[in-house]
2 protein chains.
Amino acid sequence: MTNWVYTFGDGKAEGDASMKNLLGGKGANLAEMSNIGLPVPPGFTITTEVCTYYYAHQDTYPTDLKDQVTAALTQVEKTVGATFGDAENPLLVSVRSGARVSMPGMMDTVLNLGLNDITVEGLAKQSGDPRFAYDSYRRFIQMYSDVVLGVDHYNFEELLEIHKEENGYVLDTELSAEDWKELAQAFKQKTEDVLGKPFPQDVHEQLWGAVNAVFGSWMIDRAKTYRRIHNIPGDWGTAVNVQSMVFGNMGDTSATGVTFTRDPATGENTYYGEYLINAQGEDVVAGIRTPQNLTKASRLKAGSDMPSMEEAMPDVYGELADVFVKLEAHYRDMQDIEFTVQKGKLWILQTRSGKRTAKAALKIAVDMAEDKIITEEEAILRVEPAALDQLLHPTLDPDAVKDILTIGLPASPGAACGIAVFTADEAEELAKNGKKVILVRQETSPEDIHGMHAAEGILTSRGGMTSHAAVVARGMGRPCVSGAGALHIDMDSKTIKVMGRVIQNHDILTLDGSSGEVMFGEVETVQPELSGDFSKLMGWADKIRRLKVRTNAETPLDARTAREFGAEGIGLCRTEHMFFDADRIINVRQMILSEDKAGRELALAKLLPVQKQDFVDLFTIMRGLPVTVRLLDPPLHEFLPQKAEDFASVAAAMDAPVEQLKMRAETLHEFNPMLGHRGCRLGISYPEIYEMQARAIIEAALEVSRDGGDAIVPEIMIPLVGSRKELEILKTKVSAIADEIIAASGASLDYMVGTMIELPRAALQAGEIAHEAEFFSFGTNDLTQTTYGISRDDSANFLDDYIQAGIFEQDPFVSIDQDGVGELVKIAAERGRATRADLKLGICGEHGGDPASVEFCHRIGLDYVSCSPYRVPIARLAAAQAQLKEKQA
Amino acid sequence: MTNWVYTFGDGKAEGDASMKNLLGGKGANLAEMSNIGLPVPPGFTITTEVCTYYYAHQDTYPTDLKDQVTAALTQVEKTVGATFGDAENPLLVSVRSGARVSMPGMMDTVLNLGLNDITVEGLAKQSGDPRFAYDSYRRFIQMYSDVVLGVDHYNFEELLEIHKEENGYVLDTELSAEDWKELAQAFKQKTEDVLGKPFPQDVHEQLWGAVNAVFGSWMIDRAKTYRRIHNIPGDWGTAVNVQSMVFGNMGDTSATGVTFTRDPATGENTYYGEYLINAQGEDVVAGIRTPQNLTKASRLKAGSDMPSMEEAMPDVYGELADVFVKLEAHYRDMQDIEFTVQKGKLWILQTRSGKRTAKAALKIAVDMAEDKIITEEEAILRVEPAALDQLLHPTLDPDAVKDILTIGLPASPGAACGIAVFTADEAEELAKNGKKVILVRQETSPEDIHGMHAAEGILTSRGGMTSHAAVVARGMGRPCVSGAGALHIDMDSKTIKVMGRVIQNHDILTLDGSSGEVMFGEVETVQPELSGDFSKLMGWADKIRRLKVRTNAETPLDARTAREFGAEGIGLCRTEHMFFDADRIINVRQMILSEDKAGRELALAKLLPVQKQDFVDLFTIMRGLPVTVRLLDPPLHEFLPQKAEDFASVAAAMDAPVEQLKMRAETLHEFNPMLGHRGCRLGISYPEIYEMQARAIIEAALEVSRDGGDAIVPEIMIPLVGSRKELEILKTKVSAIADEIIAASGASLDYMVGTMIELPRAALQAGEIAHEAEFFSFGTNDLTQTTYGISRDDSANFLDDYIQAGIFEQDPFVSIDQDGVGELVKIAAERGRATRADLKLGICGEHGGDPASVEFCHRIGLDYVSCSPYRVPIARLAAAQAQLKEKQA
């Protein structure tokens, strides 16, 4: 018999923390917490296998599920000492989802289940608080109707507003037990009016309705969107947790709160939490009331005069602090804990490893490793490489002049700037068109996820540090300022009124998610400082990793930045990028538009000294490290003159008629420039271009070497090779020039000649090509284009359709397509090494900075990855993780 | 000791016909002819290995070569009874090249070698004809100076002209022995003047000079060009044949001639040759004197009053006819024979399998098979599939009105039309730009090869049926009219004067290479009739071949033509080609420019009935055969309106503002349309398009099936698939429509859904894709583009550079790149069949009509090839040859 249901509570449980796949994260942790003796309200978990069964069997359950639920419920009843549906002493339960990984706000929850017209009276008697009982009942009716029965919550909010108006009430606290009772009846009636059938009074019907709703919500659009963004497979399913209710809203000795054992924004080792007296959990999370601080220190820091829990409930706070210590020690990670105090008794409702910013992840990992709680290797694995991005990007210049509109909560760190937009849809649309946007909302909800993902930053006028906006923004690495109450956001007119000023739709705003500042206009930024924890973790990673990390850089600035970020050389210097400067492009144009070799050589002679100086600069910065220079691979059309004055100035420089140049430009037009006369094909047609570049490289290397110091080993890379013969011809020419210059100099210089593998044919012919190439660098951008037959420039038209349809799991230009492009890389690496055992292998496409791709490169045995400067640390960490994962496997 | 030299003559030889690789074609045949007792002037062959050695060792020879040559020469001296360099009885020799395959006119020849101021006297005495001796001597000096020493022949022609003028001579025959002696001295002096050193008098120096010149000429540009065009590897090398001279110019009992044992133009079983009395061989080949017919019958047919050899020399003719019979029986093929009659004695100088037109190849192969000289299988292998092209193209309409300018020799069959050009360079250049040209020359020379290759047809005013122009044109399959003496070609003014008319440069001419007619302007043509020998050979091929042959066709005309040519179904119906008609394109534009699905559906509804009718027509024509319909894969930009009036008419049809459509067209612009939003990507984005097409296909198939008869099995092909998921999604939609229509019709209909494999990723993922696909069709055009990263539209800019540099052996869009593209096809075939054993595999790129590619497809086990209608017979023959070659291997 399959065990579909696992009980917990009362200091023991059928499951444990290792059973996340079966019980979901929440269920496994509830079981674990029970096992280690924490005060967990008793309950049971219906497994994720039931969810899978449910979807595999046309929304039906295993036949023996019902009996198992009944048995578990009976056990809970016994432990709690109350009976489900009992008129005198009714057991109330919560029903929540719980997937393998946390999906905050994505799944529906029902509280206070088990209340009906009869049991509500029992609750009133048992609690001695009819007002609480009827408030709970109306909350249950509202929540159940909304989540399970699909009756929109505004129906009930409207009734409440009318009732308050009619009675002259302002705050909910002014309502009496009678008021709530009356409203509960009105709510029931409303649901009946909408649905045409009464609100269920049978508590078992209520329970199964809620269970169905949880399983049903696994497949709603916003859950699918979240899973898509976070790469969570749909077949994992969710578990359902049914747990006896405890109440934080049973008067002033009751409370509810959410706490992190460390600061999830900074990683500081201080409790970081919020609580509300006489409230239920959703009051904290939903951001409807602004919660109070947990500790006195944080209250003082925030300048709040509302008492902290440490001050208001010192005993319970003490118990809670003990729980924090116990849980962090047990789980060896920072925990995100939900608790409720019911009439002075502490209950732990949930614990899980807390979401954190990259900065916090880094600090927590390093702190814990230094405190020997975890190993250095574990610390390395604790930080998501891609999240480092948040640390590596500029923050606001502290000396910049800021036009501060208001200060909200520093909900997710980092600076962001963009135009204000007021809906998630518009945010997504404008971002698609390349606009940077700040999503402005009163508060966010799961329906806004796509807009938050598209935005540079998120600004809300309501909600705390654990509000939906804050939690999701931190998870996504988006800067966020939440609860900026001074902002009056008008969704209709799409304006923000603040301190007498009006911000219009599409005005530029800047947010500082680390300080909570909201500024008008664009504010200058500064580079991040990469020391302390960052360099410690990077140091540990560097000790572990096998894969080298280089950078793609052409400018001295990029090269220096990358070297500071730990780049171990340049993996790709795109020489055509050096030619866009205004004072150079005229010579490049002259070269391109020349009808003959003499004309090209004239232009090349002018380019030689500047090109040589480029390499002198790069070699000097990268002293002692390899520098791979790719010979010209121009997108010809980008260099061709467009404007009349451009033609005129080139014509003047060449002393040729404009009309002739226009005709020449016309003949150079290509239908598919990506598949055109580019890369080494130019080298074959016009060998003088590559000869000039080889000369510039070798002369520069000799010049830099002349004053001693670490050796320069230039790696000359021939692009877009498709056959051995192409490389053979060009290598011969390049080597002839190089050897001649070296011999004439009287000095000695090592250099290498290799090629990009960026065409499927090159990958297949790698065994032949390796006879000529001393190294391969995989140009996975172009290889992706040709393997898929998709132009990066044109893919936007259907990329979304493809991700929606599940054809692409991810944009293949972001993370390497391991099945297709990856197989070609693997084939090329194997065939290349079979010919030349010491063939140096690297990757220099954008994928070099993508953690999953870095892991792939490690696995297939490449020597290095090369990526943009800001991605170098990401690649270093990802390379170390790849090594550790290999070791574990 | 390596044997570098092989002797022959006197009824025996060291070599034989099997040693072509070592002795070259000519040398092996001279040995073979000696062995079978034919009268071959004694001589020896220096092997091709010496040539290879020569180029591998900086133009030096094996050390023991000289001794071997000396020994062989001594043997020849003994056999002939004359001594090389002897003052009294000198041995004279010819020195000729002889590669593994014949390269007519490409390699240099020296005759009469061994003459000097002393031996010429001996020759005069021995022959009793001082005039002959001095004429021979001056010929030798001229030829040797030109070919070996590099002194241009015009130097000597000029001296001859001056001498004739000074003496009032018109014809060469008027010159006396003294005249020739004087000229010989003048020729020698001229050479000394030009070179600054005397003409060599040492006969051994002469001999080695000539041998060097033969080997040296292997690497001259025109030889390399010929090899490139004919795919002959450079490392085969040439042999050198040194053979004792015999003289056709020893008076009126001497003669020289060239003969084919059958007619090389028509294949008719009649001797086909020319001879000249009192002449040397080059007089016939060079076209300086117009030769006489060999047989009386041919003389009568040609209306000539010059006696045929049969009439003038009946005895020798009889001997010659016996040799023809003997040689054809021995070699089991039509022979091309050079002979000389010296004072009534017949000598056979050379035999080889004769070059022939496709028509002749076909007739000879079929005749010989029917006469049981060769087997049917041999007959199949005797016809070059690509050459069938000549038979399949239109000839002149016999009823067309022709403006005949003159009638020349019918040197190479077929009709050609184009603009008259006067140089090979211009012919090549204009042809590259898509012009059809007729190359007009007084006579052609090897320097004209590239222009002849580029031209549609060749017209000369001088030279016979075996002139350079005629032989080369037949080999290339170019129609040629030679010796059209009525034409006065003026190279300076680039005009032709004929019968009082003047043809200007670039005027249009039409040639009929089968009749010799030269016409002004363009003349109507008729389709070839494919019966008789053609259908016999095709029948034999069809019995042998395993590979099926289908056609690529969209129009009823193409489909019918292909079926007549033996197509076994349609392998590729490109539905986008059906949409270019003026009355349809407006609806297509409306579909493309619609902003929404409703707009597209409106346009599709208009296209449905016409599209359905297209399929009804095709299915009716192809009844009983499979028809693969590729769903829309439009090059979007080709359909977008360009002109203002096009926009206006679409706007009117859509009732939308022109500006809006222009904006929409702008957003549809793609940088690289080949890698853009096309193929199944459109199907994913706009499923309604494929749904309409599926409906049209199935409804048409049902309609055609309704009246009974052979079944229609439509094969629905989804293009540009890169992953299983894409195909799965589209197949589901297509099948749903199809099944619904079939069910509603109450009839039954089989159909298949499959895909194009035209992206490298698709090839690699074939194992997955085959789960969804019932067939694969390899789209090797696109697969070549993506595997190489080369756009077919843009490759012209560097294709020539690539072929010149030896990077491409052939245009990869013409013959499949077996190493790269081919490997992907192989991988896909293997992986696809591993998943689905009965997966149907075909190829539908242009390569389907290329014989080498067809052989490749056979070898890797495809089920069929599909090609353009006119290539169907070529593919059928190539498929049979592939099967036979496999059997032989």
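Calculation criteria
- Residues numbered from 1 in each chain as written.
- Chains lettered and ligands numbered in written order.
- Predicted model: local features only at pLDDT ≥ 70, side-chain atom pairs only at ≥ 80, totals over all residues.
- Heavy atoms only, no water.
- Helix = DSSP H or I, 4+ residues; strand = E, 2+ residues; numbered from the N terminus.
- Rg over C-alpha atoms; globule rule 2.2 N^0.38 Å.
- Buried < 20%, exposed > 50% of the residue type's maximum accessible area, 1.4 Å probe, protein only.
- Contact = heavy atoms within 4.5 Å.
- Buried area = accessible area lost by both parts, 1.4 Å probe.
- Salt bridge = Lys/Arg side-chain N within 4 Å of Asp/Glu carboxyl O.
- Polar contact = N/O pair within 3.5 Å; in protein donor to acceptor, adjacent residues only side chain to side chain.
- Nonpolar A, V, L, I, M, F, W, Y, C, P; charged D, E, K, R; others polar.
- Domains from an automatic or database assignment.
- UniProt positions renumbered as here; feature names shortened; annotations may be inferred.
- Phe/Tyr/Trp six-rings, centres within 6.5 Å; stacked < 30°, edge-to-face > 60°.
- Lys NZ or Arg CZ within 6 Å of the ring centre and 35° of its normal.
- Least-squares fit on C-alpha atoms with pLDDT ≥ 70 in both.

### Some words on the overall build of chain A
Thought 1: Of regular secondary structure, chain A possesses 36 helices and 34 strands.
Thought 2: In terms of overall size, chain A behaves like a compact globule, its C-alpha atoms giving a radius of gyration of 32 Å where 889 residues would be expected to give roughly 29 Å.
Thought 3: In terms of principal-axis extent, the alpha carbons of chain A reach across some 100 × 65 × 50 Å.
Thought 4: For chain A, the residues scored as buried account for 58% of the 889 residues in total.
Thought 5: Restricting to contacts in chain A with at least 6 residues of sequence separation, those with at least 24 account for 68%.

### Some details on the interface of chain A and chain B
Thought 1: Contacts between the two partners involve 44 residues from chain A and, on the opposite side, 44 residues from chain B.
Thought 2: Roughly 4000 Å² is buried in total at the junction of chain A and chain B, and carbon and sulfur atoms are behind 55% of that figure.
Thought 3: Area buried by chain A at its contact with chain B is led by A:Asn672, A:Leu675 and A:Arg761, which between them contribute 16% of it.
Thought 4: Linking chain A to chain B there are four salt bridges.
Thought 5: Between chain A and chain B we count 24 residue pairs in polar contact (both at pLDDT 80 or more) in total.
Thought 6: Among the elements of the structure, helix H27 (680-685), helix H29 (724-745), helix H30 (760-764), helix H32 (780-788), helix H33 (796-804) and helix H34 (821-835) of chain A are those that each provide at least two residues to the side of chain A that touches chain B.
Thought 7: Here the side of chain A that touches chain B is composed, by residue class, of 17 nonpolar, 15 polar and 12 charged.

### Section: the domain arrangement of chain A
Think of interface size as the accessible area that goes away when the parts come together; that is how it is often given.
Residues and elements named next belong to chain A.
Thought 1: Examined at the domain level, chain A breaks down into domain 1 (5-244), domain 2 (255-356), domain 3 (393-526) and domain 4 (545-888).
Thought 2: Between domain 1 and domain 2, the C-alpha centre-to-centre distance is 23 Å.
Thought 3: The interface is formed by 21 residues belonging to domain 1 together with 19 residues belonging to domain 2.
Thought 4: Together domain 1 and domain 2 conceal approximately 1800 Å² of surface at their shared face, both sides included; 55% is due to carbon and sulfur atoms.

### A look at the UniProt feature "binding site: Mg(2+)" (unreviewed entry) in chain A
All names here are of chain A.
Thought 1: Sequence positions flagged by UniProt for "binding site: Mg(2+)" (unreviewed entry) are, in local numbering, Glu758 and Asp782. Look at the named residues: they lie 25 residues apart in sequence, but the longest C-alpha span between them is just 5.5 Å, so in the fold they bunch up.
Thought 2: Classification of glutamate 758 by relative accessible area gives buried; the value is 1%.
Thought 3: Reaching out from glutamate 758, the side chain makes a polar contact with the backbone nitrogen of leucine 720 at a distance of 2.6 Å.
Thought 4: Non-local contacts of aspartate 782, meaning those with residues more than four positions away in its chain, are made with Met674, Arg678, Leu720 and Glu758.

### What about the packing of aromatic side chains?
Thought 1: Following the criterion strictly, the structure yields 36 aromatic pairs over all chains and no others.
Thought 2: Arranged with centres 5.3 Å apart and planes meeting at 75°, the rings of A:Tyr788 and A:Phe808 form a pair that is edge-to-face. Here A:Phe808 lies in the loop between H33 and H34 and A:Tyr788 lies in helix H32, a separation of 20 residues in the sequence. The same class applies to A:Tyr788 as to A:Phe808, namely buried.
Thought 3: Ring centres of B:Phe798 and B:Tyr802 lie 5.6 Å apart, and the angle between their planes is 70°; this geometry places the pair in the edge-to-face category. You can see B:Phe798 and its partner B:Tyr802 sitting in helix H33 (residues 796-804), four residues apart, about one turn around the helix.
Thought 4: B:Lys345 extends its terminal NZ or CZ atom over the ring of B:Trp347, reaching a point 4.4 Å from the ring centre.
Thought 5: B:Arg501 extends its terminal NZ or CZ atom over the ring of B:Phe520, reaching a point 5.5 Å from the ring centre.

### What about the relation of the copies chain A and chain B?
Thought 1: With an RMSD of 0.2 Å, the operation that places chain A on chain B is a rotation of 180° combined with a shift of 0.1 Å along the axis. Expressed as an axis order, the relation between the two copies is that of a two-fold axis.
Thought 2: When the interface residues of chain A are mapped onto chain B, 100% of them again lie at the interface, so the same face is used by both copies.

### Here's the deal with the pattern of salt bridges
Thought 1: Enumeration according to the criterion identifies 93 salt bridges over all chains in this entry.
Thought 2: Notably, a salt bridge pairs A:Lys12 with A:Asp10, separated by 3.9 Å at the nearest N-O pair.
Thought 3: The partly exposed category is assigned to A:Lys12, whose relative accessible area is 49%.
Thought 4: Judged by its relative accessible area of 53%, A:Asp10 falls in the exposed class.
Thought 5: The salt bridge involving B:Asp367 is made with B:Lys363; its shortest N-O contact spans 3.1 Å. In this pair, B:Asp367 and B:Lys363 are both assigned in helix H14 (residues 358-370), four residues apart and thus about one turn of the helix distant.
Thought 6: Classification of B:Asp367 by relative accessible area gives buried; the value is 15%.

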